[in-house]
Amino acid sequence: MADARTNRDLVSREKSMRAVYVPPSTLPAPDPQPGVAFRWIATAIMGQPDPTNVSKKMRDGWEPVKASDHPELMLQGNKDGNVEVGGLMLCRAPTEMMAARDEYYQRQAEAQVDSVDNNFMRNSDPRMPLFSERDSRTSKGRGFGSGSK
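Summarised in this report is the structure supplied together with it.

Here is what the cut-offs are and how they apply
- Residues numbered from 1 in each chain as written.
- Predicted model: local features only at pLDDT ≥ 70, side-chain atom pairs only at ≥ 80, totals over all residues.
- Heavy atoms only, no water.
- Helix = DSSP H or I, 4+ residues; strand = E, 2+ residues; numbered from the N terminus.
- Buried < 20%, exposed > 50% of the residue type's maximum accessible area, 1.4 Å probe, protein only.
- Phe/Tyr/Trp six-rings, centres within 6.5 Å; stacked < 30°, edge-to-face > 60°.
- Contact = heavy atoms within 4.5 Å.

1. Structural notes on the environment of Glu96
Moving on, step 1. As for its position among the elements, Glu96 is in helix α2 (residues 95–122).
Moving on, step 2. Residue Glu96 is classed as exposed on the basis of its relative accessible area, which comes to 57%.
Moving on, step 3. Spatially, the C-alpha atoms of Glu96 and Ala37 are 9.2 Å apart, while their sequence positions differ by 59 residues.

2. Quick look at the packing of aromatic side chains
Moving on, step 1. Under the counting rule described, the total for this entry stands at one aromatic pair.
Moving on, step 2. Between Tyr104 and Tyr105, the aromatic rings sit 5.1 Å apart at their centres with planes inclined by 75°, giving edge-to-face as the arrangement.
Moving on, step 3. Note on Tyr105: relative accessible area 43%, which makes it partly exposed.

3. Considering the environment of Asn53
Moving on, step 1. Its place among the elements puts Asn53 in helix α1 (residues 51–59).
Moving on, step 2. Here Asn53 falls in the buried class, since its relative accessible area comes to 19%.
Moving on, step 3. Separated by twelve residues in sequence, Asn53 and Ile41 place their C-alpha atoms 8.0 Å apart.
Moving on, step 4. Beyond its immediate chain neighbours, meaning those up to four positions away, Asn53 contacts Ile41 and Ala42.

Here it is, written out as structure tokens:
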């Protein structure tokens, strides 16, 4: 006599699935907004105020986020009403401005790499080049074990 068993493929394992633990983030993340980038900016380092860093970031286009604008963070604002956690202040900027900034720094990095390469290659000697050209060549020939001896 065969027992009426259900196929194992049809049995759901939802209840037996293990839960995956993800540690909570130290800094709360605001709800995403289209066209807006968020970033945490240091206002103090090792308990000492860092107004130079804050003013530099403000000149870069970042502006402080008000606690009243983001109730989902459930934080109290600082004395100015900005969102601040442990010496870090939440700021926002338009994504177009940040894309332009990233492009600027990418061009700066490429110019530095080109400058280093040019300076390095200036010391190259044709009799013993520092590194070979970046092209490949193929040739036909007799390999080992083929042909006559």
